[in-house]
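# Observations on chain architecture
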Amino acid sequence: MDVGDIINQYLDEARIDTDLDRLEVTSTQEQLVGNKHKWSARLINHKINLNNLKFQRSSLLENKITEFQNTEPVSVPRSIAEKAVQNKKDIITLDRKIQNEILIINFLENIYKNISFATNDIKNLVELMKLETQ
């Protein structure tokens, strides 16, 4: 799935999870804990994906450097070999995946913060409703 599709899907779900209905405050508050767990799990899953991608990149980079050094007719220092293989298609592809994963993680961290602060929003809504009924 494309990073834009993932973010749009999460955005749609976040709208539902953060919607505060005045008539269903109790129900919303009861769902809050489950929502926090859901978004926390997604955040952790994407962080795991990021770690895996970084590991794949470092392994691939190491293999490409070794391959480059072995195919050159003269001895090539590691730093030069690393610069030579940085722009290989598969390294660039992994770099793009890493950047996309970081973008999704930042997005999920913001959603998680909003869900976490929903308790305060509910409290403020209840206080407002009390004032309106006085």
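Described below are features of the structure shown in this document. What you see is a predicted model; the values in this text were computed from it and never measured. (Residues numbered from 1 in each chain as written. Predicted model: local features only at pLDDT ≥ 70, side-chain atom pairs only at ≥ 80, totals over all residues. Heavy atoms only, no water.)

### Re the overall build of the chain
The helix and strand inventory of the chain stands at four helices and zero strands. Along the chain direction, N to C, the helices and strands of the chain fall in the order α-α-α-α. The C-alpha atoms of the chain give a radius of gyration of 23 Å, which is well past the 14 Å a tight globule of 134 residues would have. Along the longest, intermediate and shortest principal axes, the C-alpha atoms of the chain span 85 × 20 × 20 Å. (Helix = DSSP H or I, 4+ residues; strand = E, 2+ residues; numbered from the N terminus. Rg over C-alpha atoms; globule rule 2.2 N^0.38 Å.)

### Some details on the packing of aromatic side chains
Each pair of aromatic rings is reported with the distance of its centres and the angle of its planes. Summed over all chains, the structure comprises one aromatic pair. Here Tyr10 and Trp39 contribute two aromatic rings whose centre-to-centre distance is 5.8 Å and whose plane-to-plane angle is 90°, an arrangement assigned as edge-to-face. Of this pair, Tyr10 sits in helix 1 (residues 3-18) while Trp39 sits in helix 2 (residues 25-71), placing them 29 residues apart in sequence. For Tyr10, a relative accessible area of 9% puts it in the buried group. The ring of Trp39 carries Arg42 above its face, with NZ or CZ at 4.9 Å from the centroid. (Phe/Tyr/Trp six-rings, centres within 6.5 Å; stacked < 30°, edge-to-face > 60°. Buried < 20%, exposed > 50% of the residue type's maximum accessible area, 1.4 Å probe, protein only. Lys NZ or Arg CZ within 6 Å of the ring centre and 35° of its normal.)

### Details of the nonpolar core
Formed by 19 residues in total, the largest nonpolar core has its most connected members in Tyr10, Trp39, Ile104, Leu108 and Ile111. For this core, the element with the most residues is helix 4 (residues 89-133), which contributes nine residues. By size, the runner-up hydrophobic cluster in this structure holds six residues, among which are Leu61, Ile65, Ala81 and Val85. (Core = buried A, V, L, I, M, F, W, Y, C linked by side-chain atoms within 4.5 Å.)

### Description of helix 1
For helix 1, with 16 residues, the first-to-last C-alpha span of 22 Å sits near the 22 Å given by 1.5 Å per residue. Where helix 1 is concerned, the buried positions are Val3, Ile6, Ile7, Tyr10, Glu13, Ala14 and Asp17. Across the axial projection of helix 1, the buried residues extend over an arc of 130°, all falling on one side. Helix 1 presents Arg15 and Ile16 as exposed residues on the side facing more than 90 degrees away from its buried surface. (Expected span 1.5 Å × (residues − 1). Arc of directions from axis to C-beta.)

### A closer look at the environment of Ile98
Tracing the sequence through the fold places Ile98 in helix 4. Sequence separation of Ile98 and Ser59 is 39 residues, and the distance between their C-alpha atoms is 14 Å. With sequence-adjacent residues up to four places away left out, Ile98 is seen in contact with Leu50, Leu53, Lys54 and Arg57. (Contact = heavy atoms within 4.5 Å.)

### Focus: the side chain of Glu101
Positionally, Glu101 belongs in helix 4. Buried within the structure, Glu101 lacks any salt-bridge partner; its nearest side chain of opposite charge belongs to Lys97, at an N-O separation of 9.2 Å. Here the side chain of Glu101 touches His46 through a polar contact of 2.4 Å, side chain to side chain. Residues within four places of Glu101 in sequence aside, it is in contact with His46, Asn49, Leu50 and Leu53. (Lys, Arg positive; Asp, Glu negative; His and termini not counted. Salt bridge = Lys/Arg side-chain N within 4 Å of Asp/Glu carboxyl O. Polar contact = N/O pair within 3.5 Å; in protein donor to acceptor, adjacent residues only side chain to side chain.)

### A closer look at the environment of Glu109
The residue Glu109 is located in helix 4 in this model. Along the backbone, Glu109 and Lys47 are 62 residues apart, and their C-alpha atoms lie at a distance of 11 Å. Ignoring any residue separated from it by four or fewer positions in sequence, one finds Glu109 in contact with Leu43 and Lys47.

Function cannot be inferred from these measures alone, as they are strictly geometric.
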